[in-house]
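Commentary on secondary and tertiary structure
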Amino acid sequence: MISCLPLDLATGALLLWLGLGLSGLLLGGWPTLACRLVFPLSSMVALLLTTAGFTALTATPDHLQLRGPLPALPWSFQIDPLSGFFLILLGLLACAVALFATGYFRSLPGPALRRLMLQYHVFLLGMGLVLLAANAFTFLVAWESMALASYFLVVTEHEKADSQRAGFLYLLIAHLGALAILLGFVILAGATISQGGPFSAMLHAPLNAFWAATAFLLTFFGFSAKAGLLPLHIWLPDAHPAAPAPVSALMSGAMLQIAFYGMLRVDFLFLGKLAMWWGPFVLMVGLATALFGVLFAAVQTDMKRLLAYSSIENMGLIMVAFGLALIFRAHGLNALAALALAAALYHALNHAFFKGLLFLGSGSVLHGAGSVAMDRLGGMIRQMPQTAFFMLLGTLAIAGLPPLNGFASEWLLLQAFLLSPALPQSTLSAVLPLAASGVVLAVALAAYAMVKFYGIAFLGQARGTRHAHEAGRWERSAMALLSVACIFLGLFPGVLLNLLHPVLQEMLGQGFAIQQGLWLTPVSAQRASYSPVIFFLGMATALGLSFLLIWSFFGRPLRRVPAWACGFPIRTPAMQDSPMGFAQPLLRIFAPLYQAERQANDAGRWRVRIGEPVYRGIYQPLNRIVFWLSAQVLRLQQGRITLYLLYSFLTLLILLALWR
Amino acid sequence: MTAILLEGMQILLVAFLAPLFAGLLRALRAILQNRRPAGCWQNYRDLYRLFHKESLQAEGTSWLFRFAPYGIFGAFCLAAGIIPILATGLPLAPAADVIALVGLFALARVFQVLAAMDTGTPFATLGAHREMLIAGLAEPALLAALFTASLLSRSTSLSVIVAHLEQLRFALHPSMVFAAAAFFMVLLAENARIPVDNPATHLELTMIHEAMLLEYSGRHLALMEWGAQIKLVLYVAIGIALFLPWGIVPAAEIAALPLTLLALPLKFAAAALILALVETLLAKLRLFRAPEFMATAFLLGVIGLLSFFMLGA
């Protein structure tokens, strides 16, 4: 009885979420009450799910089968350490986001709130079910309900043309992806697909090299459509600004990672035997995505759009780590694969927290200042001091600065890269450290983009809004929770890595070296060590001592004076860098990539428009080809019955000729 | 116990002798340019003067502006404890390896840039985005150089790298020669030296590092200047540790310390001479030539990495 506890807990939590969504539908007439009741309860349910995830890490994998719509198609659920880890990620993020939503949606009118509450909880339910699904049928149903619910959430403000366009693009790409995943599962499941394609039958699917590669490519395509990898990322930068902040936080923090969960399950557990080229392929796609994402993040002028591109970058980094794990695994170096995979999973969790925090914070800015367009913000640190403080922590974390969490996972990734000389293949081991330099470039430019994000919106003089109000109590507590999570994961990476042990054990048959105390030593203390706590204490001591000494010797109260600014008397907010101005050096250095167009508007201001090269280079030609093909097909349709009879006759003749 | 004492001594030595090194560099440069130097101790006089002046805070700045000088100074003091300058195996050394050290420098830089943006003045933000650009392009080159050293010694811990390279004595490593060239270029870029930035400039439009300090005065400015001097010494110390490690011995071998104390000033003086020569011979690059400079550094780092794999040394 005890052994089936985690699965019962998890399914119970998901049912409770569904119930909360439905009760939101009923309570919509009393918006304040509904917000105050449903979302905090939803947050507690999320904690329940987290508990289930934690217990699943140590419990034996468990299975549950229910009768489905057809006798041959059962609903099937399972829980194992891998899904447990992602349930923890989902639960913790959903817990904080629901707290935020309590305050954030309080001003929404009744009917809209009703719809939102239902869709929000169906979205959470869908994500949870994907993690628990144990056959292809359940997985795809959950996957689609997740996609559809998030589509409705993206078009919450459906009267706006931008929202409609973003929603359509999202739906289109989501369905292309789902189709590819379905085909992949069909290959993997073989004959058992008629029984719903149980995952247990897919384990180490006996496929030859060709079909294994096809299944790998199809599922990788499908999942990367959701994960926002190049070139399927184009829905992401449109969908996030359109969706409400808590939804963006969930989509970016959790849904993208669930796509990663799908890749992990298929590639490590189902395909098992990896071909040599898969790892380098994934790594290349990841690196290209990371660099692309960060270069475009740096030139955005909308806070949420910038964060969306930064999500693309972070998914790229996770894919780099995943690709590295695939490479090591394909060469049988399981210990190194465990290191790379630990870096990937760690970064996935970190990304959920800091990106969740940043999206929630930009939601607060939207409510407090009325805009997330960076050329109308500035100086928010004085108007929203607490939000600004939490956002500073999130910014430092995502910029990969020690001792916060983003640095710890990137550090592990670089350590994994530096172990590449162990590979028997010399070309690969020589090229991998170069890829590591690419990762460093992406991380360094991420610092550029994030400094821009924080500096333009929160520092300096106000560009437009001067009377923003601080976020409410619920919002601030949610941001505080995520900040604490970022700090904790940054200071105590060993705790998390020890938790990951069963997950890695399940995937690779080999765990990660158990971490002792405050030290992070992936291989040996001789090889590399990092202690965030000592690092932090050392810096705090040095900082405190220097402050005390200088204050006691030379301390005098500060005098506030107008800024000197090299003696220029006129000082308007327009003299600061604009969001585009801050990115000007990048615009100039990487000019061919951006294809920037400068236009002067009527007010005599320059505007810079950035093209999306992938959209122009791939999607528009594709679009033209599709239109051309449909125009050709249209020639068949002449509207004359005689012609159609002729078509039927000809078809019949051809069939007869073929069949003989 | 000796290790802890040695650690404390190292941090204090770096902190209090950094202005001397920067002063020596200034004096050498003046001599090479046929000017009369103000003496090696000028930086101490400047710091003394600044510390006794009143600090002003620009209107509209937040706590970040006041916090940044201490944060930056604290970060560099911690870095001074991590890098093996007097000896390897110091107590703080395992807390951070080279990658974390680069992260520590990045942390200090981000605080400096955020403080500059906090003032909301045009030149400060101009300096801020330029600084982030230079740093963003320099970091891959820096890590490519550091990776070469760590692949060679199978460790990313600076202490272990130094111990390993020290044992090799005068074995020839072609990869390390390229890495040294790359590292030197990054050193110039990261410390706002010619040809990327000019520490003595008074022309607002060409400034990078100095532009970010425009609003600082009094003790805050003193801390920022002092921090920059410590940073220069730290970079030189990393360079010495990686490429001229001879004489840096484990903390347990206290007997070898006099030799180290004799060799170190010589190495630093040589570094000052080279830096002064480079700064006299080169002219400052236009800002948009700087990416080419970084790309060259990165390329050298890459050649270092590749030659490690091809030659195995």
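Report on the accompanying structure.

**Side note on the overall build of chain A**
Looking only at helices and strands, chain A features 25 helices and 5 strands. Computed over its C-alpha atoms, the radius of gyration of chain A comes to 26 Å, within 12% of the 26 Å expected for a compact globule of 660 residues. Along the three orthogonal principal directions, the C-alpha set of chain A runs to about 100 × 65 × 60 Å. By the burial criterion, 56% of the 660 residues in chain A qualify as buried. Residue pairs at least 24 apart in sequence account for 79% of intrachain contacts in chain A once pairs closer than 6 positions are excluded.

**Concerning the overall build of chain B**
A tally of helices and strands in chain B yields 11 helices and 3 strands. Helices and strands appear in chain B in the N-to-C order α-α-β-α-β-α-α-α-α-α-α-β-α-α. A compact globule built from 313 residues would reach a C-alpha radius of gyration of about 20 Å, and chain B, at 19 Å, matches this within 12%. Counting only C-alpha atoms, chain B reaches 55 × 45 × 40 Å along its principal axes. Burial statistics for chain B: of 313 residues in total, 64% are counted as buried.

**Quick word on the packing of helix H13 (residues 334–369) of chain A against helix H19 (residues 493–508) of chain A**
Each pair of packed helices can be described by the angle between their axes along with the distance between the axes. Residues and elements named next belong to chain A. In the contact formed by H13 and H19, the axes pass within 10 Å of each other and the chain directions differ by 125°. With respect to H19, the element H13 is oriented oblique. The interaxial crossing formed by H13 with H19 has right-handed handedness. When H13 is examined against H19, the residues Asn-334, Ala-337, Ala-338, Leu-341, Ala-342, Leu-345 and Tyr-346 are found in contact with a partner set consisting of Leu-496, Leu-497, Leu-500, Val-503, Leu-504, Met-507 and Leu-508. For the contact of H13 with H19, the per-class residue count stands at 13 nonpolar, 1 polar and no charged.

**Digging into the pairing of strand E5 (residues 606–609) of chain A**
All names here are of chain A. One ladder, built from 4 bridges, connects strand E4 (residues 597–600) with E5; its direction is antiparallel. Across the sheet, the residue bridging to Gln-599 is Arg-607, located in E5. Counting the residues that bridge the hairpin from E4 to E5 gives 5 residues, and of these Gly-604 lies at a positive phi of roughly 80°.

**A look at the interface of chain B and chain A**
Facing 69 residues of chain B, the contacting portion of chain A comprises 65 residues. Going through the elements one at a time, strand E1 (56–58), helix H3 (63–82), helix H4 (98–119), helix H5 (122–153) and helix H11 (290–311) of chain B are the ones with two or more residues in the side of chain B that touches chain A. Within the side of chain B that touches chain A, the residues separate by chemical class into 40 nonpolar, 19 polar and 10 charged. In this sheet, E1(B) lies alongside strand E3 (residues 559–561) of chain A in parallel orientation, the contact comprising 3 bridges. Note on E1(B): the bridge partner recorded for A:Val561 is B:Ala58.

The rules behind each value
- Residues numbered from 1 in each chain as written.
- Chains lettered and ligands numbered in written order.
- Predicted model: local features only at pLDDT ≥ 70, side-chain atom pairs only at ≥ 80, totals over all residues.
- Helix = DSSP H or I, 4+ residues; strand = E, 2+ residues; numbered from the N terminus.
- Rg over C-alpha atoms; globule rule 2.2 N^0.38 Å.
- Buried ≥ 20, exposed ≤ 12 C-beta atoms within 10 Å, placed from the backbone.
- Contact = placed C-beta atoms within 7 Å.
- Axes fitted to C-alpha atoms, helices over the stretch in contact; angles between N-to-C directions.
- Parallel < 35°, antiparallel > 145°, perpendicular 65-115°, else oblique.
- Left-handed = near helix turned anticlockwise from the far one by under 90°.
- Nonpolar A, V, L, I, M, F, W, Y, C, P; charged D, E, K, R; others polar.
- Pairing = 2+ DSSP bridges.

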